[in-house]
Amino acid sequence: MFIVKRLIIGISLATVVSGLFFGIVAAQTQPMTDAQISQIKNNCVSAKSTIARLHANDALLRVNRGQMYESMTTKLMARFNARVDSNHLDSKDLESVTQNYNTALETFRTDYQAYEESLSGALNIDCTKEPVTFYDAVADARTKRSRVHVDVIKLHQYIDDYSAAFDAFTANFYKLSGAGN
Amino acid sequence: MEEPVPVTAEPVLSFWDQHRYMLLIGISIGIAIFLVVVSMALYESSGAAQLDLSRPGYSSVTSQAVKNDGDFQNYPTSGALDKASLDQFKSLYDKQASQAKAVDAFSGDPLSPEVLELSTPANQ
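One numbering rule holds for all chains: residues counted from 1, following each sequence as written. Lettering of chains starts at A and numbering of ligands starts at 1, both following the order in which they are written. Under the rules for a predicted model, residues below a pLDDT of 70 receive no local features and side-chain atom pairs below 80 are neither given nor counted, while totals for whole chains, interfaces and linings still include all residues. As a rule here, side-chain values cover all heavy atoms of the structure and leave hydrogens and water aside.

K.L.:
I'd like a rundown of the overall build of chain B, residues and numbers included.
P.N.:
Within chain B, the regular secondary structure consists of five helices and zero strands. Numbering of helices and strands starts at the N terminus; helices are DSSP runs of H or I of at least 4 residues and strands are runs of E of at least 2. Walking chain B from its N terminus toward its C terminus, one meets helices and strands in the order α-α-α-α-α. Throughout, the radius of gyration refers to the C-alpha atoms, and the reference size of a globule is 2.2 Å times the residue count to the power 0.38. The C-alpha atoms of chain B give a radius of gyration of 33 Å, which is well past the 14 Å a tight globule of 124 residues would have. With respect to the principal axes defined by its C-alpha atoms, chain B has extents near 105 × 70 × 25 Å. Between buried and exposed lies partly exposed: a residue is buried under 20% and exposed over 50% of the maximum accessible area for its type, with that area taken using a 1.4 Å probe on protein chains only. Burial analysis of chain B (124 residues in total) assigns 23% to the buried set.

K.L.:
Which residues make up a negative patch on the surface, and what values do they have?
P.N.:
Every patch collects residues that have over 30% relative accessible area and no salt bridge, joining them within 9 Å if they carry like charges and within 5 Å if they are nonpolar side chains (Val, Leu, Ile, Met, Phe, Trp, Tyr). Note on areas: Shrake-Rupley, 1.4 Å probe, and residue coverage restricted to the protein chains presented here. We define a salt bridge as a side-chain nitrogen of Lys or Arg found within 4 Å of a carboxyl oxygen belonging to Asp or Glu. Charged residues are defined here as Lys and Arg on the positive side and Asp and Glu on the negative side; His and the ends of the chain fall outside this count. By convention, the charge on Lys lies at NZ, on Arg at CZ, on Asp at CG and on Glu at CD. Negative charge collects at one region of the surface, where Asp 85, Asp 90, Asp 93 and Glu 95 of chain A lie side by side. Position of Glu 95 of chain A among the secondary structure elements: in helix H3 (residues 92–123).

K.L.:
Please set out the interface of chain A and chain B residue by residue, giving values where relevant.
P.N.:
By definition in these notes, contact holds between two residues if any of their heavy atoms fall within 4.5 Å. With 67 residues of chain A in contact, the opposing surface of chain B contributes 59 residues. Reported buried area values correspond to the accessible surface (1.4 Å probe) lost by two parts on association, with both partners' losses combined. Together, Lys 75, Leu 76 and Arg 83 of chain A form the three largest contributors to the area buried by chain A at its contact with chain B, with a combined 13%. The interface formed by chain A and chain B includes four salt bridges. The partner of Asp 160 of chain A in a salt bridge is Lys 101 of chain B, and the shortest N-O contact between them spans 2.4 Å. For this analysis, a polar contact is any N or O atom pair within 3.5 Å, provided that within protein one partner can donate a hydrogen and the other can accept it, and provided that sequence-adjacent residues contribute only side-chain to side-chain pairs. Summed over the shared surface of chain A and chain B, the result is 29 residue pairs in polar contact (both at pLDDT 80 or more). By residue number, the principal contributor to the side of chain A that touches chain B is helix H2 (residues 34–86) of chain A, which donates 35 residues. Only Asp, Glu, Lys and Arg are considered charged, only Ala, Val, Leu, Ile, Met, Phe, Trp, Tyr, Cys and Pro nonpolar, and every remaining residue, Gly among them, polar. When its residues are assigned to classes, the side of chain A that touches chain B shows 38 nonpolar, 17 polar and 12 charged.

K.L.:
Can you explain H2 of chain A? Please cite residues and give values.
P.N.:
Helix span, as expected, comes to 1.5 Å for every residue beyond the first. The terminal C-alpha atoms of H2 of chain A lie 68 Å apart, and with 53 residues this falls more than 12% below the ideal 78 Å at 1.5 Å per residue. The first or second residue beyond H2 of chain A is His 88 of chain A, which carries a positive phi of 55 degrees.

K.L.:
Explain the pattern of salt bridges to me, and be specific about the residues and the numbers.
P.N.:
With the rule as written, the count across this model stands at 11 salt bridges over all chains. With its nearest N and O atoms 2.7 Å apart, the salt bridge here joins Arg 109 of chain A to Glu 106 of chain A. Pair noted here: Arg 109 of chain A and Glu 106 of chain A are both in helix H3, with a separation of three residues, about one helical turn. Across the pair Glu 116 of chain A and Arg 55 of chain B runs a salt bridge whose closest N-O atoms are separated by 3.3 Å. Highlighted residues: Glu 116 of chain A in helix H3 and Arg 55 of chain B in the loop between helix H3 (48–51) and helix H4 (59–62), drawn from two different chains. Judged by its relative accessible area of 3%, Glu 116 of chain A is buried. Overlapping salt bridges, with partners in common, bring together Glu 70, Glu 106 and Arg 109 of chain A in one network.

K.L.:
Explain the nonpolar core to me, using residue names and the numbers behind them.
P.N.:
As used in this record, nonpolar core signifies buried Ala, Val, Leu, Ile, Met, Phe, Trp, Tyr and Cys residues forming a set joined through side-chain atoms within 4.5 Å. The biggest cluster of nonpolar side chains holds 63 residues, and the ones touching the most others in it are Met 72, Phe 80, Tyr 101 and Phe 134 of chain A together with Tyr 93 and Leu 111 of chain B. Among the secondary structure elements, those contributing two or more residues to this core are H2, H3 and helix H4 (131–177) of chain A together with helix H5 (83–100) of chain B. Each domain's extent was defined by an automatic or database domain assignment. Among the domains, domain 1 (14–65) and domain 2 (67–124) of chain B are the pair contributing at least three residues each to this core. For Phe 134 of chain A, the contacting residues outside a window of four places in its chain are Ile 40, Cys 44, Lys 48, Ile 51, Ala 122, Ile 125 and Cys 127 of chain A together with Leu 118 of chain B.

K.L.:
Any details on the environment of Asp 87 of chain B? Residues and values, ideally.
P.N.:
All names here are of chain B. Position of Asp 87 among the secondary structure elements: in helix H5. Judged by relative accessible area, Asp 87 falls into the partly exposed class, the value being 38%. Sequence separation between Asp 87 and Pro 110 is 23 residues; the distance between their C-alpha atoms is 42 Å.

K.L.:
Which residues make up the side chain of Asn 81 of chain A, and what are the values?
P.N.:
One can find Asn 81 of chain A in helix H2. With residues near it in sequence (within four places) discarded, Asn 81 of chain A still touches Ser 91, Leu 94, Glu 95, Thr 98 and Tyr 162 of chain A.

K.L.:
I'd like to hear about the domain arrangement of chain B, residue by residue, with values.
P.N.:
According to the domain assignment, chain B consists of domain 1 (14–65) and domain 2 (67–124). Computed from C-alpha atoms alone, the centre-to-centre distance between domain 1 of chain B and domain 2 of chain B is 35 Å.

K.L.:
Got a sec to walk through the side chain of His 55 of chain A? Specific residues and values, please.
P.N.:
Mapped onto the fold, His 55 of chain A is located in helix H2. Here His 55 of chain A falls in the buried class, since its relative accessible area comes to 12%. Polar side-chain contacts of His 55 of chain A include one of 2.8 Å to the side chain of Glu 116 of chain A. Leave out the neighbours within four places in its chain, and His 55 of chain A touches Glu 116, Leu 119, Ser 120 and Leu 123 of chain A together with Tyr 58 of chain B.

K.L.:
I'd love a proper account of the state of the cysteines, names of residues and values included.
P.N.:
All names here are of chain A. Pairs of cysteine sulfur atoms within 2.5 Å are identified as disulfides in what follows. Here the structure, examined in full by the defined rule, presents one disulfide over all chains. Here Cys 44 engages in a disulfide with Cys 127; their sulfurs sit 2.1 Å apart. Negative torsions about the S-S bond denote left-handed disulfides, and the value of about 70 degrees found for Cys 44 with Cys 127 makes this one right-handed. Residue Cys 44 is located in helix H2, and its partner Cys 127 is located in the loop between H3 and H4; the two are separated by 83 residues in the primary sequence. Each member of the pair, Cys 44 as well as Cys 127, carries the same accessibility label: buried.

Okay, structure coming up:
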């Protein structure tokens with residue numbers, strides 16, 4: 001049941017990412033018409049204003065969510081693993097999930113940094129003079145933002161996985177110690 | 001009668017001896033510039049820049065940053081494991097996990113050409 005659930009989530013993630021990727025690639029391979037270039041020039045100032053607001057809101061999200069994701073591992077997972085270990089109990093499954101979570105957290109940090117740099121680059125382009133470059137930069141930032149969202153989904157999944165590993169550990173602990181009734 | 005003033009030979013100073021204070025100031029400025037370049041490179045490459053909400057452009061959201069997550073308690077690393085300690089962890093973990101998962105961060109597609117009105121009606 002657990003494996004099936006993870007398989008479904010994995011397939012869903014792959015579908016979303018590949019859909020976005022192919023959508024963006026398809027959009028980029030189409031030659032840009034004069035009408036579209038004109039549309040970008042006309043609307044890019046308001047688009048840049050929207051992007052600037054998104055840039056600030058995403059930075060806030062990164063700080064607040066990042067702090068929470070960080071605390072999940074440093075204040076709870078790692079500390080509980082240490083306590084299990086100090087009691088000479090088997091914490092292998094819990095440590096394995098924690099390690100996966102930490103790897104996902106590192107990927108989240110790296111992907112967010114790449115996204116922010118890409119979005120800042122787009123904001124620095126003079127879109128009235130370089131509309132195509134601006135459009136491509138926004139498309140690049142869009143792909144990178146979707147990657148950050150995938151990282152967030154993975155982190156949430158690992159938070160659930162740790163909870164499941166904890167439940168399994170507890171069940172086993174009560175079975176061995178005869179407590180919990 | 002005046003005593004004769006001893007005549008001492010004028011020491012011959014090299015160019016760098018004559019400009020040693022300028023040299024000292026120049027080297028100090030050079031070291032300061034080097035250290036600033038190194039620290040800015042670290043600031044950019046480490047990801048600290050992305051977490052710095054005091055930068056220009058972020059003033060509208062600076063006040064909304066969570067500065068103290070004091071309600072996020074540390075679980076004690078020492079002590080025996082029993083039902084009470086396991087229940088305590090479960091309660092702490094479930095509470096924080098539900099908060100961590102409450103926001104589907106970076107979802108949606110706010111950078112799509114349609115949302116930003118960068119695509120012509122024919123492309124929509």
